[in-house]
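Analysis of the macromolecular model
Residues per chain, in single letters:
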Amino acid sequence: MRQGWRWFGPDAPVTLDDVRQAGATNVVSALHQMPIGEAWTEKAARERQSLIETTPAGRTPLKWSVVESIPIPDLVKRKGGKAKAEIEAWIASLEAVAACGIKIICYNFMPVVDWTRTELDFVTPTGATAMRFDHERFAAFELFVLKRPGAEKEYSQEDRERSEAVFRSMPEEEIAEITRIITSALPGSTTEPLTIPAFRERLAAYQGIDAARLRQHLIEFLEAVTPAAEARGVKLTLHPDDPPRPLFGLPRIASTEADYAALFDAVPSEANGMCYCTGSLGVRADNDLPKIARRFASRIHFAHLRATTREGDGRSFHESAHLEGDVSMVDVLKELVAEDRRRGLEDTIVFRSDHGHRMLDDLQKTVTPGYPAIGRLRGLAELRGILHALGAPPT
Ligand code: DNO
């Protein structure tokens, strides 16, 4: 397996030397500066590639192997194959990165919001902080800040009462903070930052789009883009929904084993692949992670490895240290290594330690939420240890 590291570009607090020191060799990056929907140019992709791959004398070479992500505009999710211009622009971006030799592209198909949390710095027993999704705080936001019409029907009376109490106890700054975290899009998000009125409008635009429609739109998108990907040897990897269940009354269709099976059945192209994310899938107790890895092994080209702990209410969760939490990372890695052994060297799975606790010096620094250097470095070191013990040292 290839050791990856997400790098947010030249302005990020984590540098390419930090990536080298963490021991990663493969960079995961995107042209985050590009407005969603605008076609990337080969020139811009080459500039980013040259930043990553021009190795100063005496330093370890790095390779830009994965694009995470080329965002899919809202219109494609709402209109499917009818969003012709948007799909063409997406293909142009695919071609721009493929021309640079980058062969793995990650994307997601979550409507309106990408990954969602309610707290960025939940204090763990060690003093390190983790990201968390708290069901009551989420409900407080949805019911009393966003005031989404019809939302109350999706909560039990007990939930509504509790979340109202939570809302009433929240000082103004906390309400502003949760609004910012949810609507302004977390780092790397592939959706646009929104204000509350714009957020309401976006939600309303999905009226009449249920899971079956959304799935059909994803299938139409894949039917349109996989020929271009196949022609260039590019693998498209669909990131699971995070969390893997509907939010804000919007459907989500990449949450379970059955969801992925339906997509691979509908679009068998070998370019139709999966970004296997333990942290996202693991939030559902009914997702059997090693089984999913085994079943879809040949479709997995990119893996996000981290652990989450489901909390007592069955809805809330927080991010744990990489080998703690609800996932058996050893069992998962056994499956991925077995698949890797079936492949050629060029084709091995790129994995990255996903998210990390904010700890040690990072507690004093400005960090990118979810992506502090030290917590991720710890995670990568632990994952690397497992791979050595399995007799499959990563490259
Ligand atoms: C969060 C990330 C996501 C992911 C996109 C993929 O940490 O895993 O933002 O990059 O959903 O398109």
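Residues numbered from 1 in each chain as written. Predicted model: local features only at pLDDT ≥ 70, side-chain atom pairs only at ≥ 80, totals over all residues. Heavy atoms only, no water.

Here helix α5 (residues 135–145) crosses helix α7 (residues 172–183) at 95 degrees, and the two axes come no closer than 11 Å. One finds that α5 runs roughly perpendicular with respect to α7. Contacts from R137, F138, F141 and V145 in α5 reach E174, I175, I178, T179, I182 and T183 in α7. (Axes fitted to C-alpha atoms, helices over the stretch in contact; angles between N-to-C directions. Helix = DSSP H or I, 4+ residues; strand = E, 2+ residues; numbered from the N terminus. Parallel < 35°, antiparallel > 145°, perpendicular 65-115°, else oblique. Contact = heavy atoms within 4.5 Å.)

A few words now on the site of the ligand. Surveying the vicinity of the ligand reveals 15 residues, the closest of which are E68, S69, N108, H355 and Y371. Within the side chain of H239, a nitrogen or oxygen atom sits 3.3 Å from an oxygen atom of the ligand. Take H355: an N or O atom from its side chain is 2.6 Å from an oxygen atom of the ligand. For the ligand, whose free accessible area comes to 330 Å², the fraction covered by protein is 100%. Of all the cavities here, the one that holds the ligand is the largest cavity. Partitioned by chemical class, the residues of the shell around the ligand number 5 nonpolar, 7 polar and 3 charged. (Near = heavy atom within 4 Å. Polar contact = N/O pair within 3.5 Å; in protein donor to acceptor, adjacent residues only side chain to side chain. Areas by Shrake-Rupley, 256 points an atom, 1.4 Å probe, with all protein chains shown as cover. 1 Å grid on protein atoms, 1.4 Å probe; cavity = no way out; pocket = protein on both sides within 12 Å on 5 of 7 lines; lining within 4 Å. Sits in = over half its atoms within 2 Å of the grid points. Nonpolar A, V, L, I, M, F, W, Y, C, P; charged D, E, K, R; others polar.)

Right, let's talk about the packing of aromatic side chains for a bit. By the definition in use, this model includes 15 aromatic pairs. Look at Y260 and F296: their rings are 6.4 Å apart centre to centre, the planes differ by 45 degrees, and that puts the pair in the tilted class. Of the two residues, Y260 sits in helix α10 (residues 257–266) while F296 sits in the loop between α12 (289–295) and β9 (300–305), which places them 36 residues apart along the sequence. Residue Y260 shares its accessibility class with F296, and that shared class is buried. Ring pairs connect the aromatic residues F133, F138, F141, F199, F248 and F317, which therefore count as one cluster. Its guanidinium or amino end placed over the ring of F122, R132 lies 4.7 Å from that ring's centre, counting from NZ or CZ. (Phe/Tyr/Trp six-rings, centres within 6.5 Å; stacked < 30°, edge-to-face > 60°. Buried < 20%, exposed > 50% of the residue type's maximum accessible area, 1.4 Å probe, protein only. Lys NZ or Arg CZ within 6 Å of the ring centre and 35° of its normal.)

Taken across its 6 residues, β9 has 6 buried, putting it largely inside the fold. The pairing of β9 with strand β12 (residues 350–353) spans 4 bridges and is parallel. By the bridge assignment, A303 is partnered in β12 with F351. (Pairing = 2+ DSSP bridges.)

What follows is about empty space enclosed by the protein. Evaluation of the coordinates by the stated rule reveals 5 cavities of 30 Å³ or more. There is about 160 Å³ of room inside the largest cavity. Surrounding the largest cavity, 20 residues form its lining, R6, E68, D114, W115 and H239 being those nearest its centre. Estimated volume of the second largest cavity: approximately 60 Å³. Along the walls of the second largest cavity sit 14 residues, with V113, D114, I182, A185 and T191 positioned nearest its centre. (Points joined across faces, edges and corners; volume = space filled by probe spheres on them.)

All right, on to the sheet that holds strand β8 (residues 272–277) then. Taken together, the 8 strands give a closed barrel; going around it, the order is β1-β2-β3-β4-β7-β8-β9-β12, and neighbouring strands pair in parallel fashion. Neighbour-to-neighbour, the strand axes of this sheet turn through a mean angle of 30 degrees, independent of strand direction. Note that strand β3 (residues 63–68) and strand β4 (residues 104–107) share 3 bridges and pair parallel. The residue bridging V67 from the neighbouring strand is I105, located in β4. Against the sheet, helix α9 (residues 211–231) engages β4, β7 (235–238) and β8, with an angle of about 155 degrees to β7.

Here we take up the pattern of salt bridges. The full count for this structure, using the stated rule, is 39 salt bridges. The salt bridge partner of R59 is D17, with a shortest N-O separation of 2.9 Å. Highlighted residues: R59 in the loop between α2 (42–53) and β3 and D17 in helix α1 (residues 16–22), separated in sequence by 42 residues. Accessibility expressed as a relative area gives 42% for R59, which makes it partly exposed. Between E154 and R148 there is a salt bridge, with its nearest N and O atoms 2.8 Å apart. The network of salt bridges with shared partners includes R6, E68, R117, D242, R306, E319, R352 and D354. (Salt bridge = Lys/Arg side-chain N within 4 Å of Asp/Glu carboxyl O.)

With that settled, the discussion passes to the sheet that holds strand β6 (residues 129–133). Spatial strand order, β5-β6-β11-β10: 4 strands in an open sheet with antiparallel pairing. In the strand order of this sheet, the two ends are held by β5 (119–123) and β10 (307–310), each with one partner. When strand polarity is set aside, the average angle formed by the axes of neighbouring strands in this sheet is 40 degrees. Pairing between β10 and strand β11 (residues 317–320): 4 bridges, direction antiparallel.

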